[in-house]
Amino acid sequence: MDHPVEVLDQVVRDLDRVLCAGTVSSTIAGLSDAEKMDFLRAAGDVARRAEALIVEVAAVVPARPAGSGDLAFCGQFGCRTMSELLQRVLRTDSAGAGRIVKAARLVRRDVDFSSGAWLPALWPELRVALATAAIGITGLLAATSPIEQSRGRIGAEARLRADAELAAATRGWVLAESDTEAGSSAGSCADAAPDAGSCADAAPMATPEDLRILAQRIAMHLDPDGAAPAEEIAMRGRGVILGRARNGLIPIRGELLPEVAGQLRRMWDAQLSPRVEAPPVPGVHFVPSDILPDDDVGGMIDTRSRAQTQHDALAALLGTAARHDEMPRLGGAAPTLIVSVAAEDYATGRGWAQIEGVDVPVSLAVARHTACGGTVQRVLFDPDGRIVGLGSTDRIFTAHQRRAITLRDQECLIPGCHVPASWCEIHHVQEHAQGGPTHTDNGVALCWHHHRTLETSGWEFRMDNGVPRVRGPGWWDPARRWRAPRPTAVVASRPGSRTGRDAWRTTVST
């Protein structure tokens, strides 16, 4: 029999031939789609087997005779702990090493001191699933973590039944009722063929996420009283922290209670998908047939990532909350974001601004955006530090003005953006600092993202007798014509306009 190290060395040599520099990409590129899938499947088989071997080594170290356990094993190689040794040998990080150590504890088979026989593992069936590459470390931890959290309240017999059911799920098998009630010994179902005995080939092999969901359901069934202590643990662990600035960004980290996370997700969904009935953009959409061609407005493509859109939605939600009448007051006023900037810098458009309570400077674009939105009080300083200008409430759109503009605009006026106007900020078309009045004839609804990027995006607005007009960037409209942002809203109130099927025509947005 070949030595295990020799076997692994041969595997490494075989893999090196596949990974030969300069040839692996061309070799894989020449495969058919079906062969690429086979390649990925085989690579996954190799990865899971490698993980099983690593976990097995980490698991047997403490099972050595007394006096030569983990500390002695690691110490002779200059490491204090198994985690440190794994980081050095496997070239992984502390989190990766910690996952291996945790997995090893779950599948470890200790030695009986009196008889010297091997004792069953804590999760015997899942140990077999790991050894046979049905799951990897990620799957093992996903399957066991929900139940391990309730371990003190779940008996050994119930845990073994859960172990058997989870192990069967890793192969897509379903245990018969007799097996789930009576429990099963290590390997009873894992070693059987899919159609043998009580196992049925009834479903695809479970992914780690499938196992996590199944384990949560099992834990809820086995530990119905665990909700109270889980709630107590969650309440102690909740928190949100703003970190120190890095690369002009403030990191946020923390743990949300499930109901808070669910509420935030629903608010994100509402902000990011406010009009599910809107037509796909770009693509075919319908506009009234009696609208002039020059007024036809096609949508634009949003190139933001999901994370970026969620950030912008959170910014809009915070702005909406700050304006709400029920928001607690600070100094007798709504929570006010104070942005300070030198008057000369603000006039020239060059320099930096400072946000109170934030230790990183921001660009003047931030100052202009927040000053225009009506949710901040603008303070202007000259180069010597003298206050030369202080924003007052007469430049902030009143609640009545906001309602009127919201009713008129309906949505963010950037074509293709369907954020409701009630969630938008009100933009001064002619800047207030340049004499623009705080009046419904000078305000338009823009979502946080488009308001924040208006100076650099190429979109422009003007007012024609109190009615907004928009002009898009050259890539959107090479002719750069002024257009009505919402022609459909105009038709709805136009006397004598036609209704019904014949009042609509099909156009392709550009």
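Residues numbered from 1 in each chain as written. Predicted model: local features only at pLDDT ≥ 70, side-chain atom pairs only at ≥ 80, totals over all residues. Heavy atoms only, no water.

Focus: the packing of aromatic side chains
By the definition in use, this model includes two aromatic pairs. Between F73 and F77, the ring centres sit 5.5 Å apart and the planes meet at 65°, which makes this aromatic pair edge-to-face. Judged by centre distance (4.8 Å) and plane angle (55°), the ring pair of W459 and W476 falls under tilted. Of this pair, W459 sits in the loop between helix 19 (454-457) and strand 13 (460-464) while W476 sits in the loop between strand 14 (467-471) and helix 20 (487-492), and the two are 17 residues apart along the sequence. Summarising the burial analysis for this pair, W459 and W476 share the class buried. (Phe/Tyr/Trp six-rings, centres within 6.5 Å; stacked < 30°, edge-to-face > 60°. Helix = DSSP H or I, 4+ residues; strand = E, 2+ residues; numbered from the N terminus. Buried < 20%, exposed > 50% of the residue type's maximum accessible area, 1.4 Å probe, protein only.)

Details of the side chain of E148
Considering the arrangement of structural elements, one finds E148 in helix 8 (residues 137-148). Its relative accessible area of 16% is what places E148 among the buried residues. Within the local environment of E148, its side chain forms a polar contact with the side chain of W123, the two groups lying 3.0 Å apart. If we ignore the near neighbours within four places in the chain, the residues touching E148 are R105, L106, L122 and W123. (Polar contact = N/O pair within 3.5 Å; in protein donor to acceptor, adjacent residues only side chain to side chain. Contact = heavy atoms within 4.5 Å.)

Quick look at the packing of helix 7 (residues 124-131) against helix 9 (residues 156-170)
For the pair helix 7 and helix 9, interaxial distance at closest approach is 7 Å and the crossing angle is 25°. By the criterion of interaxial angle, the relationship of helix 7 to helix 9 is roughly parallel. Residue-level contacts link P124, E125, L126 and A129 of helix 7 to L160, D163, A164, L166, A167 and T170 of helix 9. (Axes fitted to C-alpha atoms, helices over the stretch in contact; angles between N-to-C directions. Parallel < 35°, antiparallel > 145°, perpendicular 65-115°, else oblique.)

Remarks on the pairing of strand 12 (residues 443-446)
Here strand 12 shows a buried face lined by G443 and A445 and a second buried face lined by V444 and L446. Direction of pairing for strand 11 (residues 425-428) relative to strand 12: antiparallel, over a ladder of four bridges. Residue pairing for strand 12: H428 is matched across the bridge by G443. (Pairing = 2+ DSSP bridges.)

Considerations on the state of the cysteines
Per the stated rule, a full pass over the model turns up zero disulfides. Sulfur of C79: no disulfide; nearest cysteine sulfur belongs to C74 and is 6.4 Å away. Overall, the relative accessible area of 6% leaves C79 in the buried class. Note on C447: no disulfide assigned, nearest cysteine sulfur contributed by C417 at a separation of 3.8 Å. (Disulfide = S-S within 2.5 Å.)

Some words on the pattern of salt bridges
Scanning all chains against the criterion turns up 16 salt bridges. Put simply, D45 and R41 hold a salt bridge, and the shortest N to O gap is 3.3 Å. Pair noted here: D45 and R41 are both in helix 3 (residues 33-60), with a separation of four residues, about one helical turn. Linking E460 and R480 is a salt bridge whose minimum nitrogen-to-oxygen distance equals 2.9 Å. (Salt bridge = Lys/Arg side-chain N within 4 Å of Asp/Glu carboxyl O.)

Observations concerning the environment of E255
By secondary structure assignment, the location of E255 is in strand 4 (residues 252-255). Take E255: its relative accessible area is 54%, and that puts it in the exposed class. Contact partners of E255, with chain neighbours within four places excluded, come to G237, R238 and G239.

Concerning the confidence of the model for the protein chain
Per-residue confidence for the protein chain gives a mean pLDDT of 74; residues scoring 70 or more make up 68%. Of all helices and strands in the protein chain, the one with the weakest mean pLDDT is strand 15 (residues 504-508) (32), whereas helix 7 scores best (94). Confidence over residues 180-201 falls short of pLDDT 50; this stretch has 43 contacts with residues more than four positions distant or in other chains. Under a pLDDT of 50 for its full length, residues 275-297 has, in the predicted model, 61 contacts with residues more than four places off or in other chains. (pLDDT = per-residue confidence, 0-100.)

Some words on unusual backbone geometry
One non-glycine residue, N465, lies in positive phi territory at about 55°. Within the secondary structure, N465 sits in the loop between strand 13 and strand 14. Residue classification places N465 among the exposed positions, given a relative accessible area of 82%. Of note, R480 is a non-glycine position whose phi angle comes to about 50°, a positive value. Along the polypeptide, R480 turns up in the loop between strand 14 and helix 20. Among the residues examined, R480 registers a relative accessible area of 29% and is labelled partly exposed.

Focus: the side chain of D223
Take D223: it is sitting in the loop between helix 11 (208-222) and helix 12 (227-237). Separated by 2.9 Å, the side chains of D223 and R153 make a polar contact. Among residues more than four places away in sequence, those in contact with D223 are S150, R153 and I154.

Considering the environment of Q354
Looking at the element boundaries, Q354 is found in strand 7 (residues 352-355). Residue classification places Q354 among the partly exposed positions, given a relative accessible area of 30%. Taking the C-alpha atoms as reference points, Q354 and V339, separated by 15 residues in sequence, lie 5.6 Å from one another.

Quick look at the packing of helix 3 against helix 6 (residues 94-107)
Packed helices, taken two at a time, are described by their axes: the angle between them and the distance between them. For the pair helix 3 and helix 6, interaxial distance at closest approach is 8 Å and the crossing angle is 70°. Compared by their axis directions, helix 3 and helix 6 come out roughly perpendicular. In this structure, helix 3 meets helix 6 at a crossing whose hand is right-handed. Counted together, I54, V55, A58 and A59 of helix 3 and I100, A103, A104 and V107 of helix 6 form the full contact between these two elements. Classifying every residue of the contact of helix 3 with helix 6 gives eight nonpolar, no polar and no charged. (Left-handed = near helix turned anticlockwise from the far one by under 90°. Nonpolar A, V, L, I, M, F, W, Y, C, P; charged D, E, K, R; others polar.)

Looking at the nonpolar core
Core analysis: the largest hydrophobic core is formed by 39 residues, its most contacted members being V55, L126, L140, I147 and L166. Secondary structure elements with two or more residues in this core: helix 3, helix 4 (70-75), helix 5 (82-90), helix 6, helix 7, helix 8, helix 9 and helix 11. Here the element with the most residues in this core is helix 6; it accounts for six residues. Other than its neighbours up to four places away in sequence, V55 contacts I100, A103, A104, V107, L130 and I137. A421, I426, A445 and C447 belong to the second-largest nonpolar core, a separate cluster that totals 20 residues. (Core = buried A, V, L, I, M, F, W, Y, C linked by side-chain atoms within 4.5 Å.)

Quick look at helix 17 (residues 399-409)
Every buried residue of helix 17 is accounted for by Q401, R402, I405, T406 and D409. For helix 17, the buried positions fall inside an angular range of 135° around the axis, keeping them on one side. Exposed residues lying more than 90 degrees from the buried face of helix 17 are H400, R403 and L407. Q410 sits one or two residues past helix 17 and shows a positive phi near 70°. (Arc of directions from axis to C-beta.)

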